[in-house]
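Observations on chain architecture
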Amino acid sequence: MKQTESHVSHGHEPTDAALVELYQTHNVSVAYGMLATRHEVRVRQVLRALGVPEEQLKRVTVEVFVTAARRIRELRDPHNFAPWLLRLATSCAVSVTAN
């Protein structure tokens, strides 16, 4: 994949969109790992804010990222990865707190 300016941030790290495209088209697991590392703290913050109990936080965080990996090909615009991921986190949190 040829990197363009829109695929590289100013810090020379690949953008979320570039990583999503790599994972969607070539199943490059390192790309998905970078996305998970980049967004894990925010996902945990959202889950905690939505009432996921501390003792379930790790399990639910993993569930969010496993679900995202399984469904990432549904993401039409790779630039929307972060909001899409946080919507998945919200859905997971709602199902946990409803039970």
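Residues numbered from 1 in each chain as written. Predicted model: local features only at pLDDT ≥ 70, side-chain atom pairs only at ≥ 80, totals over all residues. Heavy atoms only, no water.

Examining the packing of aromatic side chains
The tally for this structure, following the rule as stated, stands at two aromatic pairs. Taken together, a centroid distance of 6.0 Å and an interplanar angle of 45° make the contact between Phe81 and Trp84 tilted. Linking Phe81 with Trp84, this pair stays in helix α4 (residues 81-98), spanning three residues, or about one helical turn. When its relative accessible area of 0% is taken as the criterion, Phe81 is described as buried. Assessed through its relative accessible area of 9%, Trp84 is described here as buried. The residue whose ring lies beneath Arg73 is Tyr23, and the NZ or CZ to ring-centre distance is 5.9 Å. (Phe/Tyr/Trp six-rings, centres within 6.5 Å; stacked < 30°, edge-to-face > 60°. Helix = DSSP H or I, 4+ residues; strand = E, 2+ residues; numbered from the N terminus. Buried < 20%, exposed > 50% of the residue type's maximum accessible area, 1.4 Å probe, protein only. Lys NZ or Arg CZ within 6 Å of the ring centre and 35° of its normal.)

Let's talk about unusual backbone geometry
Residues other than glycine seldom take positive phi values, yet Asn27 does so here, at roughly 55°. Inspection of the secondary structure assignment puts Asn27 in the loop between α1 (16-26) and α2 (29-49).

Remarks on the confidence of the model for the chain
Within the chain, residue pLDDT values average 90, and 89% of them lie at 70 or more. Of all secondary-structure elements in the chain, the lowest mean pLDDT belongs to α1, at 94, while helix α3 (residues 57-71) reaches the highest, 97. Per-residue pLDDT stays below 50 along residues 1-6; that stretch engages in five contacts with residues further than four places along the chain or on separate chains. (pLDDT = per-residue confidence, 0-100. Contact = heavy atoms within 4.5 Å.)

Let's talk about the environment of Ser29
Looking at the element boundaries, Ser29 is found in helix α2. Through-space distance from the C-alpha of Ser29 to that of Leu19 is 9.6 Å; in sequence the pair is 10 residues apart.

Details of the pattern of salt bridges
Pairs can form between side chains of opposite charge whenever their charged atoms are close. For the structure shown, the criterion picks out six salt bridges. Note that Arg38 and Glu13 form a salt bridge whose closest N and O atoms lie 3.9 Å from each other. Within this pair, whereas Arg38 is found in helix α2, its partner Glu13 is found in the segment before α1, the two being separated by 25 residues in sequence. Looking at Glu13, the relative accessible area reads 43%, which means it is partly exposed. Between Glu63 and Arg59 there is a salt bridge, and its shortest N-O distance comes to 3.3 Å. With Glu63 and Arg59 both in helix α3 and four residues apart, the pair spans about one turn of that helix. Within the structure, one salt-bridge network assembled from shared partners comprises Glu13, Asp16 and Arg38. (Salt bridge = Lys/Arg side-chain N within 4 Å of Asp/Glu carboxyl O.)

Digging into the nonpolar core
Nonpolar side chains in soluble globular proteins tend to be buried together. Core analysis: the largest hydrophobic core is formed by 27 residues, its most contacted members being Tyr32, Leu47 and Phe81. For this core, the secondary structure elements donating two or more residues are α1, α2, α3 and α4. Here this core takes eight residues from α4, the largest share from any one element. Leaving out residues up to four positions away in the same chain, Leu47 has contacts with Val52, Leu57, Val60, Thr61, Val64, Ala89 and Ala93. (Core = buried A, V, L, I, M, F, W, Y, C linked by side-chain atoms within 4.5 Å.)

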